[in-house]
Amino acid sequence: LAANNHYKMKNVKIDLASGEYDVQVGEGLLEQVGSTLQALGFRQKAVIITNPWLRGLYGSRLKANLEEVGLETVLLEVPDGEEEKSLVRAGLLYDRLAEVQAERLSPILALGGGVIGDLGGFVAATYMRGLPLIQLPTTLLAMVDSSIGGKVAVNHGRLKNNIGAFYQPRRVMADVAVLRSLPVFEYENGLAECIKYGVIMDAGLFDLMERRLGEIKSGSVEVVEEVIFRCASIKAAVVEKDERDLGLRNILNFGHTAGHGLESVSDFKLSHGRAVALGMMTACKIAEKMGVFPHQGSARVQALISAAGLPVTLPSGITPEQVIAAMQHDKKKAENRLRFVLPRKIGEVFVQPEVDGILVREALEEQIG
Ligand code: NAD
Ligand code: GLY
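Owing to the predicted nature of the structure, the values given are computational and were not obtained by experimental measurement.

S.K.: Mind showing me how you'd approach the sheet that holds strand β2 (residues 19-27) here?
M.R.: Remark on secondary structure: sheet strands pair via backbone hydrogen bonds, oriented parallel or antiparallel. With respect to topology, seven strands assemble into an open sheet ordered β1-β2-β9-β6-β5-β3-β4, the strand pairing being mixed. In this open sheet, the two edge strands, each paired with only one partner strand, are β1 (8-16) and β4 (73-77). Between one strand axis and the next, the sheet turns through 15° on average, direction left out of account. Packed on one face of the sheet, helix α2 (residues 52-68) meets β3 (46-50), β4, β5 (108-112) and β6 (133-137) and runs near 170° to β4. Contacting β1 and β2, helix α8 (residues 221-241) runs over the sheet at an angle of about 5° to β1.

Below is the structure:
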């Protein structure tokens, strides 16, 4: 991590009926967690939830940082993997919280990607009816999306994120220095979400990503921080207007209608970021066919997705018919119509509650590699 004298950061405030909190983005922020908890007034035992790999990289140092300011700290490990986002794992964490005598004001620090953030957040939301939550996202996806906005959940049965709550963190601290250890594959998955924010709401962000993708991919702190800050600002603005996901928050699902279908057809072998990248292209092509989005817009989105290292053609063996069937199953729709978030121009989208299956099929057919 960067030395403290290099410490710079950007701040996004989220103002909700339930209270406000800051999303901090900067290099070296993990070194500031102890002093931040002190400033927020936490005195009771702190609990870090992380996975074994991240413990070695950052968790032990984080624990020492908290102990330096006099906070008694325990670190709980969860094995790595989406399958750990379960009620069984939550139950094991409740047992551990009882053993270490976590109290009502013990802050839970979720140090990890979206899996740890969602699981740790769910446990924080439910143990003793809610312990204060601090999100310490370590993947690009978690920094721009999952750590912000209060959706916490575990998976149950065959469904994802179906047991959960809206439970806002007290602080989000995104230390961009930790992205240096993130595998490129995961970084690219996060870039899909960053491109999404550009298309849905920020043409300037899209331009920035087009112009400076090389620096973004090589991890130039200044530009990566700027991208994360702009994405976090958009997420914050959307969540402020629609915390409970009853309307506007839907636009965050740009690329996710076909994306979810693709993930499910691939039996989740296709990563979420890659599925969203393909789903964004499906939506662009549908909008183009409807005459509401220019071809040049689709071409720009496709070029950026591709330059980011993400796919623009369907994985071999996956057919448009399978994807459509999975989408219809997903939405339990009897009729042949599906809800899509569609672009009008780069920086602006709208929700189309019913898109004709024929257009969806044609769009997907154009994505056969
Ligand atoms: P993840 O949490 O599984 O992390 C990906 C991999 O990267 C893991 O193996 C992890 O150990 C590793 N890793 C994380 N940070 C690292 C670092 N700095 N250095 C090295 N390795 C690191 O995956 P993700 O993409 O961050 O999150 C996906 C999850 O997020 C899904 O469960 C999804 O449902 C959820 N999600 C939630 C929301 C929300 O609003 N709550 C939004 C989007 C996604
Ligand atoms: N990831 C979508 C949302 O937070 O609403």
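That shown, we press on.
S.K.: Even after reading the chapter, I still don't get the nonpolar core, so can you show me in this structure?
M.R.: Taken as a class, soluble globular proteins show a tendency for nonpolar side chains to be buried jointly. Counting 98 residues, the largest nonpolar core has Leu109, Ile195 and Phe340 as the members making the most contacts within it. A per-element tally of this core places α8 first, with 11 residues.

S.K.: Can you help me understand the pattern of salt bridges in this one?
M.R.: Side-chain pairs of opposite charge can arise where the charged atoms are in close proximity. Across all of its chains, the model carries 30 salt bridges by this definition. In this structure, the salt-bridge partner of Lys13 is Glu20, at a minimum N-O distance of 3.7 Å. A relative accessible area of 48% places Lys13 in the partly exposed class. Taking the relative accessible area as the measure of exposure, Glu20 reaches 48% and is therefore partly exposed. A salt bridge links Lys160 to Glu82; its shortest N-O distance comes to 3.6 Å. On the criterion of sequence distance, the pair formed by Lys160 in strand β8 (residues 159-166) and Glu82 in the loop between β4 and α3 (87-99) is long-range, its members being 78 residues apart. For Glu82, a relative accessible area of 31% translates into the label partly exposed. Residues joined by salt bridges that share partners form a network here, namely Lys10, Asp202, Glu226 and Arg230.

S.K.: Mind showing me how you'd approach the packing of helix α9 (residues 256-265) against helix α10 (residues 272-289) here?
M.R.: Helix-helix packing is characterised by the crossing angle of the two axes and by the distance between the axes. Viewed as axis vectors pointing N to C, α9 and α10 meet at an angle of 130°, and their least axial separation amounts to 7 Å. With respect to α10, the axis of α9 lies oblique. When the axes of α9 and α10 are compared, the crossing they make is right-handed. From α9, His256, Ala258, Gly259, His260, Leu262 and Glu263 reach across to α10, where they touch His272, Ala275, Val276, Leu278, Gly279 and Thr282.

S.K.: What am I meant to see in the site of ligand 2 here?
M.R.: Residues in contact with ligand 2, as listed here, are Asp145, Lys151, Lys235, Arg249 and Leu252. One of the side-chain nitrogen or oxygen atoms of Asp145 is found 3.3 Å away from a nitrogen atom of ligand 2. Here an oxygen atom of ligand 2 and a side-chain polar atom of Lys151 are 2.9 Å apart. When isolated, ligand 2 has an accessible area of 200 Å², and the protein chains bury 82% of it. Among the residues forming the shell around ligand 2, the class breakdown is one nonpolar, no polar and four charged.

S.K.: Where do I start with the site of ligand 1 in this structure?
M.R.: What surrounds ligand 1 is a group of 25 residues, the closest being Asp80, Glu82, Thr138, Thr139 and Ser181. Here a nitrogen atom of ligand 1 sits 3.5 Å away from a polar atom, N or O, in the side chain of Trp53. The side chain of Thr138 places a nitrogen or oxygen atom 2.7 Å from a nitrogen atom of ligand 1. Contact with the protein chains removes 86% of the 870 Å² of surface that ligand 1 exposes when unbound. Going through the elements one at a time, α2, α4 (114-126) and α5 (140-146) are the ones with two or more residues in the shell around ligand 1. The leading source of residues in the shell around ligand 1 is α2, at four residues. Of the residues in the shell around ligand 1, the class split is nine nonpolar, eight polar and eight charged.

S.K.: Would you mind showing me how to read the packing of α3 against α4 here?
M.R.: Orientation of α3 relative to α4, taken along the N-to-C sense of each, is 55°, at an axis distance of 10 Å. Viewed along their axes, α3 and α4 adopt a mutual orientation that is oblique. Note that α3 runs across α4; the crossing there is right-handed. Judged by residue contacts, Leu87, Arg89, Ala90, Leu93, Tyr94 and Leu97 of α3 engage Leu119, Phe122, Val123 and Thr126 from α4. Here the contact of α3 with α4 is composed, by residue class, of eight nonpolar, one polar and one charged.

Conventions and cut-offs
- Residues numbered from 1 in each chain as written.
- Chains lettered and ligands numbered in written order.
- Predicted model: local features only at pLDDT ≥ 70, side-chain atom pairs only at ≥ 80, totals over all residues.
- Heavy atoms only, no water.
- Pairing = 2+ DSSP bridges.
- Helix = DSSP H or I, 4+ residues; strand = E, 2+ residues; numbered from the N terminus.
- Axes fitted to C-alpha atoms, helices over the stretch in contact; angles between N-to-C directions.
- Contact = heavy atoms within 4.5 Å.
- Core = buried A, V, L, I, M, F, W, Y, C linked by side-chain atoms within 4.5 Å.
- Buried < 20%, exposed > 50% of the residue type's maximum accessible area, 1.4 Å probe, protein only.
- Salt bridge = Lys/Arg side-chain N within 4 Å of Asp/Glu carboxyl O.
- Parallel < 35°, antiparallel > 145°, perpendicular 65-115°, else oblique.
- Left-handed = near helix turned anticlockwise from the far one by under 90°.
- Near = heavy atom within 4 Å.
- Polar contact = N/O pair within 3.5 Å; in protein donor to acceptor, adjacent residues only side chain to side chain.
- Areas by Shrake-Rupley, 256 points an atom, 1.4 Å probe, with all protein chains shown as cover.
- Nonpolar A, V, L, I, M, F, W, Y, C, P; charged D, E, K, R; others polar.

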